[in-house]
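In case you want the letters, here they are:
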Amino acid sequence: MTLTKKFDGIYFDDSSVDLLDGIDAVIFDCDGVLIDITKSYDLAIIKTTKYILETFAKINDSVDVDFKIIDGFKSTGGFNDEVDLTYAAIISLVAAKKLQKDPYDFIFDVIKNADSTGIASVEKYLDALTDISEIKKQLSYPGPHHENILYQNFDQIFYGPELYEKLFAKSSKFTSPGLIEQDDVILNDELLEKLQNKFGSKIAMVTGRGKESVSYSLKELINKFDLKNSAFLEDKPRELAKPNPKSLLDSISGMNSVSTLYVGDSMEDFIMAKKATDLGHKTIFCGIIGTSKTPKEKLELFERNGAILVLDSINLLPKVLNLE
């Protein structure tokens, strides 16, 4: 499909625009959509990778993970979970060191060989090249969230000492404020009011975050969503992670939606929405690109895969859905 720029920040496929008329519910992803996580979750990936490499692998001279690496892994459709991405970056950089390869070039070779199976595809590629069993054993990832050492370090860096102790009943080894404090909330009351006028209570969320984390950042705005028919996947079994469409299908069915708009920012979101449609629940994907460090590349990625609607920001939804 070819996306045409209709207005600033609005791109859609002319042949499919009529599909928007029948939408009766909207379901949102959270990170990169309702909240800009560039200085929070993304920075937690960068800091955790560096800490683990230095502390466990004794590697002090590797490259820092940057936003191109993060977007590269996410574009494969297998890394909606930030800790999965952190783990993939760590084992890739350990492998680069063992192989005496340029770490930056090598990690993009890994990305090219990764797919929607996520860490399984990365481990398979690296295991064929070198022995990374030591770092894999040290991290024992994924393992139980509350016990796994990588999860613990990531969560301590992201949540900060006070919130980490509240959520996990454990003390953090770090004293710096949690990076969650740097979440930049995009959602606002004005947008929600316009959506409610059109869709009533049929506004929900299917996100990889946990409910406590979303609530902490969105505060009272979270109560404007149909929480009964929302899904917070960090709180659920790992097999339900995106792009598994079950939680999205449950949300759609719970709201009795006939035609749903799912608003996300990743390939996992796109794949999940497509699977929901393939399973008989009409789901139109709206891609958000404005929170990406490389919005043009994200636009091209969605276009190549057949997205019919891409926006810079959720704040453009009223214009697209004729809510103004």
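Residues numbered from 1 in each chain as written. Predicted model: local features only at pLDDT ≥ 70, side-chain atom pairs only at ≥ 80, totals over all residues. Heavy atoms only, no water.

Caption draft 1: Structural view of helix 3 (residues 82-99). For helix 3, with 18 residues, the first-to-last C-alpha span of 26 Å sits near the 26 Å given by 1.5 Å per residue. Counting buried residues in helix 3 gives 15 out of 18 residues, a clear majority hidden from the surface. Note on helix 3: the residue one or two positions beyond its end, glutamine 100, has a positive phi of about 55°. (Helix = DSSP H or I, 4+ residues; strand = E, 2+ residues; numbered from the N terminus. Expected span 1.5 Å × (residues − 1). Buried < 20%, exposed > 50% of the residue type's maximum accessible area, 1.4 Å probe, protein only.)

Caption draft 2: Summary view of the environment of phenylalanine 158. Inspection of the secondary structure puts phenylalanine 158 in helix 7 (residues 149-168). With 115 residues separating them along the chain, phenylalanine 158 and leucine 43 place their C-alpha atoms 8.6 Å apart. Among all residues touching phenylalanine 158, those that are not within four sequence positions of it are Ser40, Tyr41, Ala44, Gly178, Leu179, Ile180, Arg209 and Ser213. (Contact = heavy atoms within 4.5 Å.)

Caption draft 3: Quick look at the pairing of strand 6 (residues 203-207). The element strand 6 is largely enclosed, with a buried count of five among its five residues. Of the two faces of strand 6, both are covered, the one formed by Ile203, Met205 and Thr207 as well as the one formed by Ala204 and Val206. Bridge analysis of strand 3 (residues 25-28) against strand 6 gives three bridges, and the strand direction is parallel. For phenylalanine 28, the partnering residue across the bridge sits in strand 6 and is methionine 205. Strand direction decides the pairing type here: strand 6 and strand 7 (residues 231-232), joined by two bridges, are parallel. When the bridges of strand 7 are listed, valine 206 appears paired with alanine 231. (Pairing = 2+ DSSP bridges.)

Caption draft 4: How the structure looks around the side chain of threonine 38. For threonine 38, the position within the fold is in the loop between strand 4 (35-36) and helix 1 (41-55). In this structure threonine 38 comes out as buried when scored by relative accessible area, which is 12%. A polar contact is formed between the side chain of threonine 38 and the side chain of aspartate 36, at a distance of 2.6 Å. Here threonine 38 is in contact with Leu43, Phe67, Thr291 and Lys293, once residues within four sequence places are set aside. (Polar contact = N/O pair within 3.5 Å; in protein donor to acceptor, adjacent residues only side chain to side chain.)

Caption draft 5: How the structure looks around the environment of phenylalanine 12. Residue placement: phenylalanine 12 occurs in strand 2 (residues 10-12). Residue classification places phenylalanine 12 among the buried positions, given a relative accessible area of 14%. Taking the C-alpha atoms as reference points, phenylalanine 12 and isoleucine 308, separated by 296 residues in sequence, lie 5.2 Å from one another.

Caption draft 6: Structural context of the state of the cysteines. Inspection of every chain in the model, using the stated rule, returns zero disulfides. The thiol sulfur of cysteine 30 is not disulfide-bonded, and the nearest other cysteine sulfur, from cysteine 286, lies at 15 Å. (Disulfide = S-S within 2.5 Å.)

Caption draft 7: The nonpolar core, seen in detail. In terms of nonpolar packing, the biggest core is built from 87 residues, with Phe28, Leu34, Phe73, Leu218, Leu261, Val263 and Ile314 touching the most fellow members. For this core, the element with the most residues is helix 3, which contributes eleven residues. Residues Leu3, Leu248, Leu249 and Phe302 belong to the second largest nonpolar core, which totals 25 residues. (Core = buried A, V, L, I, M, F, W, Y, C linked by side-chain atoms within 4.5 Å.)

Caption draft 8: View of unusual backbone geometry. With an omega dihedral of 10°, the bond running from tyrosine 141 to proline 142 counts as a cis peptide bond. Topologically, proline 142 is positioned in the loop between helix 6 (133-139) and helix 7. Note the cis peptide between lysine 242 and proline 243, where omega equals 10°. With respect to the element layout, proline 243 can be found in the loop between strand 7 and helix 10 (246-254). With a phi angle near 55°, lysine 58 is a residue other than glycine that sits in the positive phi range. Residue lysine 58 is classed as exposed on the basis of its relative accessible area of 61%. Of note, serine 140 is a non-glycine position whose phi angle comes to about 45°, a positive value.

Caption draft 9: Representation of the pattern of salt bridges within the structure. In total, this model carries 19 salt bridges according to the counting rule given. As a salt-bridge pair, aspartate 29 and lysine 242 come within 2.8 Å of each other at their nearest N and O atoms. Here aspartate 29 is found in the loop between strand 3 and strand 4, whereas its partner lysine 242 is found in the loop between strand 7 and helix 10, with 213 residues between them in sequence. Glutamate 190 serves as the salt-bridge partner of lysine 194, at 3.6 Å between the closest nitrogen and oxygen. One end of the pair, lysine 194, and the other, glutamate 190, are both in helix 8 (residues 189-199), four residues apart, so they sit about a helical turn from each other. Of the residues examined, lysine 194 reaches a relative accessible area of 23% and is grouped as partly exposed. Classification of glutamate 190 as exposed rests on a relative accessible area of 53%. Salt bridges here are not isolated pairs; linked through shared partners, they connect Asp29, Lys242 and Asp269. (Salt bridge = Lys/Arg side-chain N within 4 Å of Asp/Glu carboxyl O.)

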